Amino acid sequence: MSLTKLVERLVQLVPVLLGVSVIVFLMMAMTPGDPVQIMIGDQNVSAAQEAQLRHDLGLDRPAYERLALFIGHAATGNFGESFYYKRPVAQVIAERLPATIELSVVALLIALMTAIPLGVLAAVKKNSVLDKLATVGSLLGVSLPGFWFGILLLMLFAVQLHILPVSGRMGFATSIKPITGFLLIDTLLRGDPAAFLDALKHILLPAITLGLPMTAVLMRVTRTSMLEVLRQDYITFAEAKGLSRTRILIRHALKNALIPTVSVAAIETGSLLGGNMIVETVFGWPGLGRLVVDSIFVRDYPLVQAAVLLYAVTYVLLNFVADILYTFLNPRVKL
Amino acid sequence: MSDAAVTRPTPSQSLLLRNLAVFAENRLAAGSAILVLIFVALALFAPLIAPQDPNATDLFRRLQPPAWQAGGDWAHVLGCDALGRDILSRIIYGSRVSMLVGATVVFIATSIGILAGLAAGYLGGWVDTIISRTVDILLGFPYLIFAIGLMAMMGAGLGNIILALVYKEWVIPCRVVRAETLATREQEYVEAARALGASNRHIMLREILPNILSPVIVVSTIRMANVIILEASLSFLGLGVQPPTASWGAMVADGRAFIMQAWWVSTFPGLAILLLVLALNVASQGLRDAFDPRFHE
């Protein structure tokens, strides 16, 4: 893909990102109730102070000016002050972001490491018991409500078997001074294997729950594309040359079969974002998803607005990456 | 005119009947469709079927286990929740919320999607540009986050859930209809209608729509499963139907605090969601296979 095409695609992102920002702004603007009253709560303030606060928040300006201000501020990461935490929204979000990113990355790794081998095996052993089990498994994977699956895992591994913890990122007895904010990395950097194991135990169930629907989808994609590749002439030719089955599968078939898998994985990473809110709520995971849910109940609108915008922008960018990856891996496709 | 001539199906009817026959041959899909119908019946006749009042509390029966466990009672087969309410009756009544939200959202969204998709695909020009850009922007939001954002602003409640989901759901049938319309509008029968002076409205609704309805129906069934999970997720987060109305997602959430001592409170409502969504997914796959000639061999 040429650089010009890449720039063209980047430029096409601009109206979508602008549109997304407008919708997020409208969500807030259409909210019933006065944000100033919500901020004041039951504090005793004079009319002048109230007017000053309204002016400071820009609420006395016309809607189009507020929209322009919102987009301008959002572009520089300024989302105002949280009603509840009384601190800059960007700061509150930044504190929670590593936990969500860490959870998403581990969920993605689990999904890839499970889905690809299972999808390949199901294709190679088409119509076998294993293939049928994989098909049923993938159907279950997309039909299971994530919040319920998480609770079932908790009941089995935490309540019945007592081998994994119920909630949080780390046990009370363990503490680690953060370096990156990603506990799995920080524990290794600090050279504390016991803390690493503790963090790993805590992340396992939420990551499996979050990654399950993705595993189901990726497994189906890998199976279908592997079956298609195995029907190609160059595979028959490789077999005729007398190459071993394993070599044909890994060196010749898998390389091409993974093209759609990688692309779908990038798209599905976006869907992990939505799942985060559910999974973080079930497992008491102190990430951005849970922060958003909690903020809704305390009507912390600037925080909800900023988080929704952040999620949407990430989602748009991930879809963009998926497109680019697909084109990059498959030179026959032109953007 | 003979009886045979009267009862002979038209070509489109015979195609529909043939497709339905193909669907019925797929036992798993047909069985799943029957299961979906059972859930529909549960929702429709909940007051006649439910053994207890779903909102009647009885603190003496607090967290009573299912009938087959020690301390259980056959009057409350699946046990009771933390307020002593009968779980089976609440599941039966909860099916009303899932079914109502699923069917209403899919119906409204599909209707909007069909009209927008037809207009975008057939009229083209600025109409297509506006509709397609709106679709692109809405696709820029992860579904659950969009719905959560809207619910946060509009407040919880059944009507708001339906609205929040419709706002984004219509883009999916719209894209399908637009693509199908683009492929159909150059067909000879459309050209013929145009040459005869038929209006755009007539061509879109009478000529194109009947011929592109099959994929739309298939997509709608697939989407209904997704919408039901989304509703349950919103209710689980406390943003859905408000207590004491029974909804499956909220029932699972209620049981979360008692997983140490009362597994049944969360397990059975979750199982109901799984069964309905699974049945809808299998049935919709069967429908897709039956309605798509490529799968007939």
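Since the structure is predicted, the reported quantities are computational estimates derived from the model, not experimental observations.

**Here we look at the overall build of chain A**
Here's step 1: When its secondary structure is counted, chain A shows 13 helices and zero strands.
Here's step 2: Along the three orthogonal principal directions, the C-alpha set of chain A runs to about 85 × 55 × 40 Å.
Here's step 3: Of the contacts made within chain A by residues no fewer than 6 positions apart, 72% connect residues no fewer than 24 positions apart.
Here's step 4: Counting only carbon and sulfur atoms, one obtains 65% of the accessible surface of chain A, whose full area is about 16,800 Å².

**Points about the interface of chain B and chain A**
Here's step 1: Each partner contributes to the interface: chain B provides 39 residues, whereas chain A provides 43 residues.
Here's step 2: Taking both sides of the interface into account, the surface hidden between chain B and chain A amounts to around 3,600 Å²; carbon and sulfur atoms contribute 84%.
Here's step 3: For chain B, the biggest contributors to the area lost against chain A are I145(B), M153(B) and I259(B); these three give 19% of the whole.
Here's step 4: At the boundary of chain B and chain A, one finds zero salt bridges.

**Things to note about the domain arrangement of chain A**
Residues and elements named next belong to chain A.
Here's step 1: If you check the domain split of chain A, you get domain 1 (3-75) and domain 2 (95-148 + 203-329).
Here's step 2: Taken together, the contact between domain 1 and domain 2 spans 16 residues of the former and 13 residues of the latter.
Here's step 3: A buried area of about 1,400 Å², summed over both sides, lies between domain 1 and domain 2, and 83% of it is on carbon and sulfur atoms.
Here's step 4: In terms of surface lost to domain 2, no three residues of domain 1 exceed R9, M28 and I38, which account for 33% of the buried area on that side.
Here's step 5: Our enumeration of links across domain 1 and domain 2 arrives at zero salt bridges.
Here's step 6: Viewed at the interface, domain 2 and domain 1 are joined by zero residue pairs in polar contact (both at pLDDT 80 or more).
Here's step 7: Sorting the residues of the side of domain 1 that touches domain 2 by element identifies α1 (3-29) and α4 (63-75) as the ones contributing at least two each.
Here's step 8: Grouping the amino acids of the side of domain 1 that touches domain 2 by side-chain chemistry returns 13 nonpolar, two polar and one charged.

**Notes on a positive patch on the surface**
Residue and element names in this part refer to chain A.
Here's step 1: On the surface, K241, R247, R251 and K255 cluster together to form a positively charged patch.
Here's step 2: Within the fold, K255 resides in helix α11 (residues 245-282).
Here's step 3: Owing to a relative accessible area of 65%, K255 belongs among the exposed residues under this scheme.

**A closer look at the layout of surface pockets**
Residue and element names in this part refer to chain A.
Here's step 1: By volume, the second largest pocket amounts to about 680 Å³.
Here's step 2: Looking at the second largest pocket, it is lined by 25 residues, and the ones nearest its centre are M28, L57, L59, F70 and Q305.
Here's step 3: Looking at the lining of the second largest pocket, the elements with two or more residues in it are α1, α2 (35-40), α4 and α13 (301-329).
Here's step 4: By residue number, the principal contributor to the lining of the second largest pocket is α4, which donates four residues.
Here's step 5: Of the residues that constitute the lining of the second largest pocket, the class distribution is 15 nonpolar, seven polar and three charged.
Here's step 6: Counting contributing residues per domain, the lining of the second largest pocket is built from domain 1 (3-75) and domain 2 (95-148 + 203-329), each supplying no fewer than three.

**Regarding helix α13 (residues 264-291) of chain B**
Here's step 1: If you check α13(B), its first and last C-alpha atoms are 40 Å apart, about what 28 residues at 1.5 Å a residue would give, namely 40 Å.
Here's step 2: Within α13(B), 22 of the 28 residues are buried, which leaves it mostly tucked inside the rest of the structure.

**Considering the packing of aromatic side chains**
By convention here, two paired aromatic rings are described through the distance between centres and the angle between planes.
Here's step 1: The final tally for this structure, using the stated rule, is eight aromatic pairs over all chains.
Here's step 2: Centre to centre, the rings of Y84(A) and Y85(A) are 5.0 Å apart; their planes meet at 85°, and the pair counts as edge-to-face.
Here's step 3: Taken together, a centroid distance of 6.1 Å and an interplanar angle of 85° make the contact between W68(B) and F268(B) edge-to-face. With W68(B) in the loop between α4 (46-49) and α5 (87-123) and F268(B) in helix α13, this residue pair connects regions lying 200 residues apart in the sequence.
Here's step 4: In this structure, K168(B) packs its charged tip against the face of Y143(B), placed 5.8 Å from the ring centre.

**Let's talk about a nonpolar patch on the surface**
Residue and element names in this part refer to chain B.
Here's step 1: Together, L37, V40, L44, F45, L48 and I49 line one region of the surface with nonpolar side chains, adding up to about 600 Å² of accessible area.
Here's step 2: Of all the secondary structure elements, the ones that give two or more residues to the nonpolar patch are α3 (27-44) and α4.
Here's step 3: Along the polypeptide, F45 turns up in the loop between α3 and α4.

**Some details on the nonpolar core**
Here's step 1: By size, the foremost hydrophobic cluster in this structure holds 143 residues, and its most contacted members are V20(A), F147(A), L165(B) and L234(B).
Here's step 2: Here this core spans two domains, and each of domain 1 (3-75) and domain 2 (95-148 + 203-329) of chain A adds at least three residues to it.
Here's step 3: Ignoring sequence-local partners within four residues, the contact set of F147(A) consists of I278(A), V282(A), A232(B), S233(B), F236(B), G249(B), V252(B) and I273(B).

**A closer look at empty space enclosed by the protein**
Residue and element names in this part refer to chain B.
Here's step 1: Summed over all chains, the structure comprises one cavity of 30 Å³ or more.
Here's step 2: One number sums up the size of the largest cavity: a volume of about 40 Å³.
Here's step 3: The wall of the largest cavity is formed by V106, A109, T110, E169, P173, V216, V219, S220 and R223.
Here's step 4: Only α5 and α11 (200-236) provide two or more residues apiece to the lining of the largest cavity.
Here's step 5: Among the residues making up the lining of the largest cavity, the classes are represented as five nonpolar, two polar and two charged.

**Quick look at the environment of I185(A)**
Residues and elements named next belong to chain A.
Here's step 1: Of note, I185 is situated in helix α8 (residues 183-189).
Here's step 2: Residue classification places I185 among the partly exposed positions, given a relative accessible area of 42%.
Here's step 3: Expressed as a C-alpha distance, the spacing of I185 and A199, which sit 14 residues apart in the sequence, is 9.8 Å.
Here's step 4: Excluding residues that lie within four positions of it along the chain, I185 makes contacts with E102 and T180.

**A look at unusual backbone geometry**
Here's step 1: Cis geometry marks the peptide bond from P243(B) to P244(B), where omega comes out at 5°.
Here's step 2: In the Ramachandran plot, H162(A) falls in the positive-phi region, its phi being about 55° despite a non-glycine side chain.
Here's step 3: Positive phi is not limited to glycine here, since L63(B) has a value of about 55°.
Here's step 4: Within the secondary structure, L63(B) is located in the loop between α4 and α5.
Here's step 5: The exposure class assigned to L63(B) is buried, which follows from its relative accessible area of 12%.

**Here we look at the packing of helix α12 (residues 288-297) of chain A against α13(A)**
Residues and elements named next belong to chain A.
Here's step 1: The contact between α12 and α13 brings their axes to 9 Å, and the two run at 145°. Taken as a pair, α12 and α13 cross one another with a handedness that is left-handed. Residue-level contacts link L288, G289, L291, V292, S295 and I296 of α12 to L303, V304, A307, L310 and Y311 of α13.
Here's step 2: Here the residues of the contact of α12 with α13 are counted per class, giving nine nonpolar, two polar and no charged.

**A closer look at the side chain of D198(A)**
Here's step 1: Summarising the element assignment, D198(A) is placed in helix α9 (residues 193-230).
Here's step 2: Those residues in contact with D198(A) that lie beyond four places of it in its chain are M170(A), G171(A) and T174(A).

**Considerations on α9(A)**
Here's step 1: The terminal C-alpha atoms of α9(A), which comprises 38 residues, lie only 44 Å apart, well short of the 56 Å expected from a rise of 1.5 Å per residue.
Here's step 2: The axis of α9(A) is deflected most strongly, by about 45°, at G211(A), and proline P213(A) appears within four residues downstream.

Here is what the cut-offs are and how they apply
- Residues numbered from 1 in each chain as written.
- Chains lettered and ligands numbered in written order.
- Predicted model: local features only at pLDDT ≥ 70, side-chain atom pairs only at ≥ 80, totals over all residues.
- Heavy atoms only, no water.
- Helix = DSSP H or I, 4+ residues; strand = E, 2+ residues; numbered from the N terminus.
- Contact = heavy atoms within 4.5 Å.
- Areas by Shrake-Rupley, 256 points an atom, 1.4 Å probe, with all protein chains shown as cover.
- Buried area = accessible area lost by both parts, 1.4 Å probe.
- Salt bridge = Lys/Arg side-chain N within 4 Å of Asp/Glu carboxyl O.
- Domains from an automatic or database assignment.
- Polar contact = N/O pair within 3.5 Å; in protein donor to acceptor, adjacent residues only side chain to side chain.
- Nonpolar A, V, L, I, M, F, W, Y, C, P; charged D, E, K, R; others polar.
- Patch = residues over 30% accessible without salt bridge, like charges linked within 9 Å, V, L, I, M, F, W, Y side chains within 5 Å.
- Lys, Arg positive; Asp, Glu negative; His and termini not counted.
- Charge placed at Lys NZ, Arg CZ, Asp CG, Glu CD.
- Buried < 20%, exposed > 50% of the residue type's maximum accessible area, 1.4 Å probe, protein only.
- 1 Å grid on protein atoms, 1.4 Å probe; cavity = no way out; pocket = protein on both sides within 12 Å on 5 of 7 lines; lining within 4 Å.
- Points joined across faces, edges and corners; volume = space filled by probe spheres on them.
- Expected span 1.5 Å × (residues − 1).
- Phe/Tyr/Trp six-rings, centres within 6.5 Å; stacked < 30°, edge-to-face > 60°.
- Lys NZ or Arg CZ within 6 Å of the ring centre and 35° of its normal.
- Core = buried A, V, L, I, M, F, W, Y, C linked by side-chain atoms within 4.5 Å.
- Axes fitted to C-alpha atoms, helices over the stretch in contact; angles between N-to-C directions.
- Left-handed = near helix turned anticlockwise from the far one by under 90°.
- Bend = angle between axes of the 7 residues up to and from the residue.

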